[in-house]
Amino acid sequence: MLIMLILILLCVFGFLYFFFTKVDADLTLCFYDYFSDVKKFLRGKVIWITGSSSGIGEYLAYELAHHGCKLILSGTSEERLNSVKLKCIEIGLTEEDIYVLPFNLTDFEMHGDYVKKVLQKFCRLDILINNAGRSQRATFEEIDINVDKEIFDINVFGTLNLTRKILPHFIENGKGHFVVTSSCVGKMGAAFSASYTGSKHALHGYFETLRTEMSGKNINVTMLCPGPVFSNNLENAFTGTPGKKFGQIPNCKDRKMKTDRCARLMSVAIAHKLDEAWIAPQPNLIFFYLMQYTPTFFRKIVIGKLYTPERAEKIRDGRW
């Protein structure tokens, strides 16, 4: 009996040590990351990535190029997109495997034309990765309503409109996969980022509804929720004032996930059509679990006593 108790305790402490020191994603995603062959599921897939000119979208393009996917690269900078294309060719894709399609996501009336161009190029689309978006930093009370509107136009309405233009193609083909880059703040409130946080929560509401409506139609939805990741998103982030950028430059000493690691985990979640994936180093990952499974404890004890707004901002930005 004593030996059994010791073994149980060793297993528990071993798991806790592993969880707090090695794990950088939810346990389901970690399992697939360790034991799956991503290329087997993604090779030859036609994938459209919005916001692929920099940051997570750029590195996701490289990751998918390694797996032999055909890519549509979209963003606002054609020069940057062509640079990403050249690197994807270096990785192993051909010119015919990549289509550069620059556009502004808020040009809603043009979305139908862009979808037609993609289908003319590849005759089909397997996966749409809604990755484009802008971040924000400002206190709740100082945010001008026009900032809220601009963020929602980019992060929410542009994504929704493009999704709706593609949905009939997926329904006609009897299959399809929508992937959305949300955020850890799409699962919990983030201090000093109300508009951005609200936009990510809105995406969950819309796409969870889409998932329900498409049940049984072989059309999947994957919500990706990364925590702090190295990118230039804070450099161009909104503030509370229209037209003013936050302008924070990434620091190599920040405690953030490397962009290529984030892209790898995202590709695993996409390959296995996971409903939702949490991608974050500690302590953000444990906050995911506390918020999901003990919401009252998390809000009353963790946020109320330990997770002050100032401390939360530092952890989110990897500067704690």
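Look a little higher up for the structure.
Cut-off values and rules
Residues numbered from 1 in each chain as written. Predicted model: local features only at pLDDT ≥ 70, side-chain atom pairs only at ≥ 80, totals over all residues. Heavy atoms only, no water. Helix = DSSP H or I, 4+ residues; strand = E, 2+ residues; numbered from the N terminus. Buried < 20%, exposed > 50% of the residue type's maximum accessible area, 1.4 Å probe, protein only. Contact = heavy atoms within 4.5 Å. Areas by Shrake-Rupley, 256 points an atom, 1.4 Å probe, with all protein chains shown as cover. Lys, Arg positive; Asp, Glu negative; His and termini not counted. Charge placed at Lys NZ, Arg CZ, Asp CG, Glu CD. Salt bridge = Lys/Arg side-chain N within 4 Å of Asp/Glu carboxyl O. Pairing = 2+ DSSP bridges. Axes fitted to C-alpha atoms, helices over the stretch in contact; angles between N-to-C directions. Patch = residues over 30% accessible without salt bridge, like charges linked within 9 Å, V, L, I, M, F, W, Y side chains within 5 Å. Expected span 1.5 Å × (residues − 1). Arc of directions from axis to C-beta. Phe/Tyr/Trp six-rings, centres within 6.5 Å; stacked < 30°, edge-to-face > 60°. Right-handed = clockwise from strand over helix to strand, strands pointing away.

*Asks:* Is there a simple way to explain the overall build of the chain in this structure?
*Replies:* Counting its secondary structure elements, the chain contains 12 helices and seven strands. Its C-alpha atoms put the chain at 65 × 50 × 40 Å along the principal axes. Counting across all 320 residues of the chain, residues that qualify as buried make up 50%. Relative to all contacts within the chain whose residues are 6 or more apart in sequence, the contacts with residues 24 or more apart total 74%. When the accessible area of the chain is evaluated, it comes to approximately 15600 Å², of which 57% is carbon and sulfur surface. Here the chain holds 39 positive side-chain charges and 33 negative ones, and the gap between their average locations is 4 Å.

*Asks:* In this structure, what is going on with the pattern of salt bridges? I would like to understand it.
*Replies:* Between side chains of opposite charge, a pair can form when the charged atoms approach closely. Under the counting rule described, the total for this entry stands at 11 salt bridges. Between Lys85 and Glu95 there is a salt bridge, with the nearest N and O atoms lying 2.9 Å from each other. You can see Lys85 sitting in helix α5 (residues 78-91) and its partner Glu95 sitting in the loop between α5 and β3 (98-100), a full 10 residues away along the chain. Two residues, Lys187 and Glu276, come together in a salt bridge whose shortest N-O distance is 3.0 Å. Of the two residues, Lys187 is situated in the loop between β5 (176-181) and α8 (194-213) and Glu276 in strand β7 (residues 276-279); the sequence distance between them amounts to 89 residues. Judged by its relative accessible area of 22%, Glu276 is partly exposed. In the salt-bridge network here, residues are joined through shared partners; they are Asp24, Asp33, Arg261 and Arg264.

*Asks:* Would you mind showing me how to read the sheet that holds β7 here?
*Replies:* Two strands in a sheet stick together by hydrogen bonds in their backbones, pointing the same way (parallel) or opposite ways (antiparallel). The seven strands lie next to each other as β3-β2-β1-β4-β5-β6-β7, forming an open sheet whose pairing is parallel. Two strands in the sheet have a free side with no partner beyond their single neighbour: β3 and β7. Shown here is a sheet whose adjacent strand axes are inclined to one another by a mean of 15 degrees, direction ignored. One ladder, built from three bridges, connects strand β2 (residues 70-73) with β3; its direction is parallel. Its bridge partner being in β3, Leu73 is matched across the sheet by Val100. Here α5 sits on the sheet in contact with β2 and β3, set at roughly 170 degrees to β3. Its contacts with the sheet put helix α6 (residues 111-122) on β1 (46-49), β2 and β3, and the angle it makes with β3 is roughly 155 degrees.

*Asks:* Whenever I open this one, a nonpolar patch on the surface confuses me. Can you help?
*Replies:* A surface patch of nonpolar side chains, amounting to about 840 Å² of accessible area, comprises Leu2, Ile3, Leu5, Ile6, Leu7, Leu9, Leu10 and Phe13. Tracing the sequence through the fold places Leu2 in helix α1 (residues 2-21).

*Asks:* What is the right way to read α6 from this model?
*Replies:* Since there are 3.6 residues in each turn of an α-helix, residues three or four apart along the chain are aligned in direction. For α6, with 12 residues, the first-to-last C-alpha span of 17 Å sits near the 16 Å given by 1.5 Å per residue. Among all positions of α6, only His111, Tyr114, Val115, Val118 and Phe122 are buried. All buried residues of α6 fall inside an arc of 100 degrees around its axis, so they share one side. Across from the buried face of α6, at angles greater than 90 degrees, the exposed residues are Lys116 and Gln120. Where α6 terminates, the next one or two residues include Cys123, which has phi positive at roughly 70 degrees.

*Asks:* Could you clarify how one ought to interpret the packing of aromatic side chains in this entry?
*Replies:* The geometry of an aromatic ring pair comes down to the distance between the two centres and the angle between the two planes. Within the structure shown, the criterion is met by 11 aromatic pairs. Between the aromatic rings of Phe31 and Phe35, the centroid separation amounts to 5.1 Å while the plane-to-plane angle is 45 degrees, which identifies the pairing as tilted. Placement of the pair is Phe31 and Phe35 together in helix α2 (residues 27-35), with a separation of four residues, close to one helical turn. Residue Phe31 is classed as partly exposed on the basis of its relative accessible area, which comes to 48%. Its relative accessible area of 65% is what places Phe35 among the exposed residues.

*Asks:* Looking at this structure, I do not really get the pairing of β5. What am I missing?
*Replies:* Two faces, one strand: in a regular strand the side chains alternate between the faces of the sheet. Of all six residues that make up β5, six are buried, and the element is covered over most of its length. Residues Gly176, Phe178 and Val180 line one face of β5 and the alternating positions His177, Val179 and Thr181 line the opposite face, and both faces are buried. Chirality of the crossover, the property in question, places the unit of strand β4 (residues 127-130), helix α7 (residues 145-173) and β5 among those that are right-handed. Relative to strand β6 (residues 219-226), β5 runs parallel, the two sharing six bridges. Looking at the pairing, Thr181 lines up with Leu224 of β6. The handedness of the β5 to β6 crossover, carried by α8, is right-handed.

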